[in-house]
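Below are the chains, spelled out letter by letter.
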Amino acid sequence: MLELITGIVVAVVALGVVLEPLLRAPGPSLLPPASAPLDDDFTIMEESESPKIQALLALREIEFDKATGKLSDADYELLKRKYAESAVAAIRNEQQEEAGLASGEGEEDAAEAMIANAKSRQLTACPTCRNKLEAASIFCSTCGRSLLVDDAPMRCWMCGADLPAAAKFCAACGTRHPEEIPAAAVDS
Amino acid sequence: MSPRAKFLLGAGVVVLTVGFLMAEGIKDTGVYFLTPSELAARVAGDSTMYDVGIRIGGNVANGSIDRHVASLTLKFEVTDGAVSYPVVYVGIVPDTFTEDVEVVVEGRLTRDGTIRATNVLAKCGSRYEAVPEGSQAST
Amino acid sequence: MTILGQIALGLGLLLATWGAVVGTIGGIRGRPELIDSARRAVFALFAVIGVAALSLLVALLTRDFNVEYVWSYTSRQLPTVYTISAFWAGQAGSLLFWTLILTGFAAAAMWLTSSRYERLMPYVGAVTCAVALFFIAAMLFSANPFDRLPFTPADGNGLNPQLQNPGMAIHPPMLYLGYVSITIPFAFAVAALMSRQMDAGWVHAIRKWTLLSWVFLSVGITLGMWWAYVELGWGGYWAWDPVENASFLPWLTMTAFLHSVMIQEKRGMLKKWNIVLVMLSFLLSIFGTFITRSGVISSVHSFTQSNLGYFFLVFLVVACVFLAWLLWSRLPGLESEGHLESMVSREASFLFNNLLLVGMAFVILWGTLFPIISELIQGVQVTVGPPFFNRVTTPIGLGLLALTGIGPLIAWRKASTSNLRRQFTVPVGVALVVATILIVLQFREFYAGVAWILAAFVTVAILQEFWRGVGARHRLHGESYALALARLFGRNRRRYGGYVVHLGIVAYFVGFTGMAFRTDLQVALAPGETATLASPFGYEYTFTHMGISRFKALNRYVTAATVDVRRDGKRVAVIRSEKRQHFSCRVAVSPCPQGSESASFQPSTEAGIHSDYREDIYVVFAGIAEDTEEAIYRFTLNPLVWWVWFGGGVLLVGGVIVMWPGGGPSRRAPRRTIAGYAAKLVDEREKVTA
């Protein structure tokens, strides 16, 4: 009799525990979104899917393999170059994505506004190199200066070095900068 | 030649070698496993059954066991109920070997109709199949 | 306690079905409440099977002979240890034991697996539940451990004396742990296919499980060998018996998997092959249980014949069909990412290792099933025995041994000639020295000689790996040699622990070669008479029969014969071998009063063994000539057997090193190193491009 009661208690508890989640309100689906977020929060490095981590681990490994004599110098150089390249590429990629993520979303409107602002100013010449601009451009096609930001540093149109505001020659390469700036063309 | 093709070639060599070893192994070491009746039937039609390795499965005939301790010689008959063959074996038999037990005899059949055994295996269960005492009384 | 047990089993059936069905649906639909419910079903299932197991244990310990299972496998005089081990001595009990371990592993997997694999978990639960469902159904409908007899016998039938041995008490659980734990990697593989998450995730998730089951299988098989050696009395430890083969088959495929999975992790190759291997291992482990339990192939162990065989057969067929379909439908997602770059690379050596292991498994499976195959084709049973297996597997085994040494010495991807020379000079040199010595000594046993040469090669190769690893750390990090060795293990336990396992395998091979040098002698001796036997090591052993004694122990009559053993005239041991006749008691009194004993089982033999690292002296007392003190003996000299058990120990140590949780490097340190390294790398690159 005692056994039977124990059995029933076990049954009730087990079924209760198993069926309880069904009584709850159904939550959101656990199916993953189409693209999974970037995986850098790894706990065990070997398990990370990030190409950066994988390339860095491979580099670490070939260092050790070379030290134990498993890799000849030529092979080592070859492999090292290969992995270093892929690691750097992965790092760049990641930084860009991070930057993209950081400037995305919230600041998107601000960026749009800047572009609209720049277009509305209708610059005819680049404030830096004084070359003529195409209509509604965002960058100067000659020196690459951004036209969105007013206080972008002046740059040498020859070598691209930053210049102090009233410079007449580039300190880096000595190129002479045009003096006459038609103020109206810049500010209007 | 690409590494893949080389690997496939190597794999082919390995597989063929293993296959060859296997086929040869079965040809050289495979033995018929027969009951005494089957053996009798085969011997009747095929004299090559003498003096080749065979395995005979059957039971030890009741009252047929004859041990000679000093020379470690054991004689008994293996039977499947219909046909039985005398067996001669020199050596130690397993503990499980008694009358009526199921045995496998490895050896060869000589021209005089005796099986010269090289090995005798007796079947053991993890379970001793006995009827509980008193079961007749209660049923 | 049978009512509680029955209820628990019934509940188990219900929960397992629920877990399997709801887990699958929840996984496909992504419904959190269903997934949660199925997850809980796995835990509840473990609890419920635990209750059933406890009920059986209580029934055994209280010696409730009304329960058929208890009556069949225990008796009043059976020591408590063996009363507990009777749990897995019989059919129904071992099924329950299987299920208990399986559900325990399933619960552990659900509990311990990192949440990063949560997409896989509903399917993992579902697969383990489905397997458990099969075993519970087999128990309920074919071999129920809680069946009662219509009356209560006074004493039980007792445990087969051959199972009354410490090795036999722990060998089946170990082997079962190995068999059953394969289910977890298998469940992850199936989960990866079902959820279409076929990247390397599942491979990472099961890394420890794979190794765990491999270590259990290895230890289980080795203990089985030890049991056969000590208890069966024929002087060897491996007879290529179907039951032994059945345990060896999943071991082979798991070994192949352990290696090939590394190629998948490193190179993204062999994805399909790995899934096939893990499926094969699972099917073979079920097949092993099937062979052990159904007696479909006659074997010395051949335990019982019952309709249980059909359950297994149906399960195997259904599982095969389902797995084939699953694999077929998911093939497009399993394309290889890398490709073989050179024949002289570690990948290639692993591929050959896989080929040989699977080839060996195939040969053994073929040989084991040959009686059935030949009967189907030729209409007559043709059996192949140890000569066949030895002949075919020895060359394959030696090939594998060679690869054990070659693999670690070659780099991944591609090895150049110069570094091959650097790596192979010393090991090959040592191997050649050994070969020269053997030739000078005019050594006759070809395979044993090759095995020793290869063993020397592999050992030196592994030691060189350790030596160079320590040297490299010493140079790169300025660590002392001892610290460098410790860190070497710590930082890459998988590699260096693996090397330790390889050393264990070498020891096994050395032990196996000893079998080529067995010598034995069967003789009848009167008290005081002596027999002599020359050992392959050049010693001469003298055996003197000292006498026979008879006595009654707890649950058996014992006849013991004692010999005095001298090596070249100096005594090495006095060895006793026993003949035992077990009995059960007609009355419910302990100890059993004189005259109430009734003999159960056939008599059994206890071999006397004196073991050292050179050779074992193995004495079997085979009987007495009627009414005399003259004893029949078999004396066997088994060289090098000790090395097999030693190899088992080394293998276990290596396995533990690899699996040891935590320890190792902290997680933060390498992250910092990696971050620093990445920054440095970017700087360097920018300098190059500037």
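Calculation rules
- Residues numbered from 1 in each chain as written.
- Chains lettered and ligands numbered in written order.
- Predicted model: local features only at pLDDT ≥ 70, side-chain atom pairs only at ≥ 80, totals over all residues.
- Helix = DSSP H or I, 4+ residues; strand = E, 2+ residues; numbered from the N terminus.
- Expected span 1.5 Å × (residues − 1).
- Buried ≥ 20, exposed ≤ 12 C-beta atoms within 10 Å, placed from the backbone.
- pLDDT = per-residue confidence, 0-100.
- Contact = placed C-beta atoms within 7 Å.
- Axes fitted to C-alpha atoms, helices over the stretch in contact; angles between N-to-C directions.
- Parallel < 35°, antiparallel > 145°, perpendicular 65-115°, else oblique.
- Left-handed = near helix turned anticlockwise from the far one by under 90°.
- Nonpolar A, V, L, I, M, F, W, Y, C, P; charged D, E, K, R; others polar.
- Pairing = 2+ DSSP bridges.
- Core = buried A, V, L, I, M, F, W, Y, C linked by C-beta atoms within 7 Å.
- Domains from an automatic or database assignment.

(A) Structural context of helix H1 (residues 3–29) of chain B. If you check H1 of chain B, its first and last C-alpha atoms are 38 Å apart, about what 27 residues at 1.5 Å a residue would give, namely 39 Å. Listing the buried residues of H1 of chain B in full gives Val 18, Met 22, Gly 25 and Thr 29 of chain B.

(B) Expanded view of the confidence of the model for chain A. All names here are of chain A. On average, chain A scores 68 in pLDDT, and the residues at 70 or more come to 48%. Per-element confidence in chain A is highest for helix H1 (residues 2–23), whose mean pLDDT is 89, and lowest for helix H5 (residues 183–187), whose mean pLDDT is 40. The model gives residues 34–43 a pLDDT under 50, and that stretch makes 10 contacts with residues more than four places away or in other chains.

(C) A look at the packing of helix H1 (residues 2–29) of chain C against helix H6 (residues 121–141) of chain C. Residue and element names in this part refer to chain C. At a minimum axis separation of 8 Å, H1 and H6 run at an interaxial angle of 150 degrees. One element, H1, and the other, H6, form an angle in the roughly antiparallel class. Between H1 and H6 lies a crossing of left-handed hand. Along the contact surface, H1 presents Leu 9, Gly 12, Leu 13, Ala 16, Thr 17, Gly 19, Ala 20, Gly 23, Thr 24, Gly 26 and Gly 27, while H6 presents Pro 122, Tyr 123, Gly 125, Ala 126, Cys 129, Ala 130, Ala 132, Leu 133, Ile 136, Ala 137, Met 139 and Leu 140. Counted by class, the contact of H1 with H6 contains 15 nonpolar, 8 polar and no charged residues.

(D) Just the packing of H6 of chain C against helix H8 (residues 183–195) of chain C, in detail. All names here are of chain C. Two elements in contact, H6 and H8, have axes whose closest approach is 8 Å; the angle formed by their N-to-C orientations is 125 degrees. The pairing of H6 with H8 is recorded here as oblique in orientation. For the element pair H6 and H8, the recorded crossing hand is right-handed. Residues Tyr 123, Val 124, Val 127, Thr 128 and Val 131 of H6 lie in contact with H8, whose contacting residues are Thr 183, Ala 187, Phe 188, Val 190, Ala 191, Met 194 and Ser 195. Residue classes in the contact of H6 with H8 are distributed as 9 nonpolar, 3 polar and no charged.

(E) Looking closely at the pairing of strand E5 (residues 556–567) of chain C. Residues and elements named next belong to chain C. Sheet topology places strand E4 (residues 540–553) next to E5; 12 bridges connect them, and they run antiparallel. Within E5, the position partnered with Arg 550 by the bridge is Thr 559. Pairing of E5 with strand E6 (residues 570–585), which is carried by 12 bridges, proceeds in the antiparallel orientation. When the sheet's bridge partners are listed, Arg 566 is paired in E6 with Arg 571. In this structure, the hairpin formed by E5 and E6 is closed by a connection of 2 residues, where Asp 568 is found at a positive phi of approximately 50 degrees.

(F) Spatial organisation of the interface of chain A and chain C. On the chain C side, the residues contacting the 40 residues of chain A number 44 residues. For the side of chain A that touches chain C, the secondary structure elements donating two or more residues are H1, helix H2 (51–67) and helix H3 (73–103) of chain A. Residue contributions to the side of chain A that touches chain C peak at 12 residues, all from H1 of chain A. Looking at the side of chain A that touches chain C, its residues break down into 24 nonpolar, 8 polar and 8 charged.

(G) Spatial organisation of the interface of chain B and chain C. Taken together, the contact between chain B and chain C spans 40 residues of the former and 55 residues of the latter. For the side of chain B that touches chain C, the elements supplying multiple residues, two or more each, are H1 and strand E1 (31–34) of chain B. Broken down by element, the residue count for the side of chain B that touches chain C peaks at 14 residues, all from H1 of chain B. Class assignment of the residues belonging to the side of chain B that touches chain C gives a composition of 21 nonpolar, 12 polar and 7 charged. Note that E1 of chain B and strand E1 (residues 381–383) of chain C share 3 bridges and pair antiparallel. Each bridged residue has a counterpart across the sheet, and for Phe 33 of chain B the counterpart in E1 of chain C is Gln 381 of chain C.

(H) Structural context of the nonpolar core. In this structure, Leu 15, Leu 45, Phe 188 and Ala 191 of chain C are the most contacted members of the largest nonpolar core, which totals 227 residues. Top contributing element to this core by residue count: helix H2 (residues 32–61) of chain C, with 17 residues. Setting aside anything within four residues of it in sequence, one finds Ala 191 of chain C in contact with Leu 120, Tyr 123, Val 124, Val 127 and Trp 202 of chain C. Residues Leu 74 of chain B together with Leu 525, Ile 575 and Tyr 618 of chain C belong to the second largest nonpolar core, which totals 42 residues.

(I) Examining the sheet that holds strand E2 (residues 519–525) of chain C more closely. Residue and element names in this part refer to chain C. Pairing is antiparallel across the open sheet formed by 4 strands, whose spatial order is E2-E11-E10-E9. The open sheet terminates on both sides in strands that have one partner only, identified here as E2 and strand E9 (608–611). Ignoring strand direction, the axes of neighbouring strands in this sheet form an average angle of 15 degrees. Pairing of E9 with strand E10 (residues 615–624), which is carried by 4 bridges, proceeds in the antiparallel orientation. The partner of Gly 608 across the bridge, within E10, is Val 619.

(J) Examining unusual backbone geometry more closely. Residues and elements named next belong to chain C. Even without being a glycine, Trp 240 presents a positive backbone phi close to 55 degrees. Mapped onto the secondary structure, Trp 240 falls in the loop between helix H10 (207–231) and helix H11 (242–267). A positive phi angle, close to 50 degrees, is found at Asp 568, a residue other than glycine. Mapped onto the secondary structure, Asp 568 falls in the loop between E5 and E6. With 11 C-beta atoms counted inside 10 Å, the residue Asp 568 sits in the exposed group.

(K) Layout of H1 of chain A. Its 22 residues place the ends of H1 of chain A 31 Å apart at the C-alpha level, agreeing with the 32 Å of an ideal helix rising 1.5 Å per residue. Every buried residue of H1 of chain A is listed here: Gly 7, Ala 14, Val 18 and Pro 21 of chain A.

(L) Looking closely at the domain arrangement of chain C. Per the domain assignment, the segments making up chain C are domain 1 (1–161), domain 2 (165–366) and domain 3 (516–643). Centre-to-centre separation of domain 2 of chain C and domain 3 of chain C, based on C-alpha positions: 39 Å.

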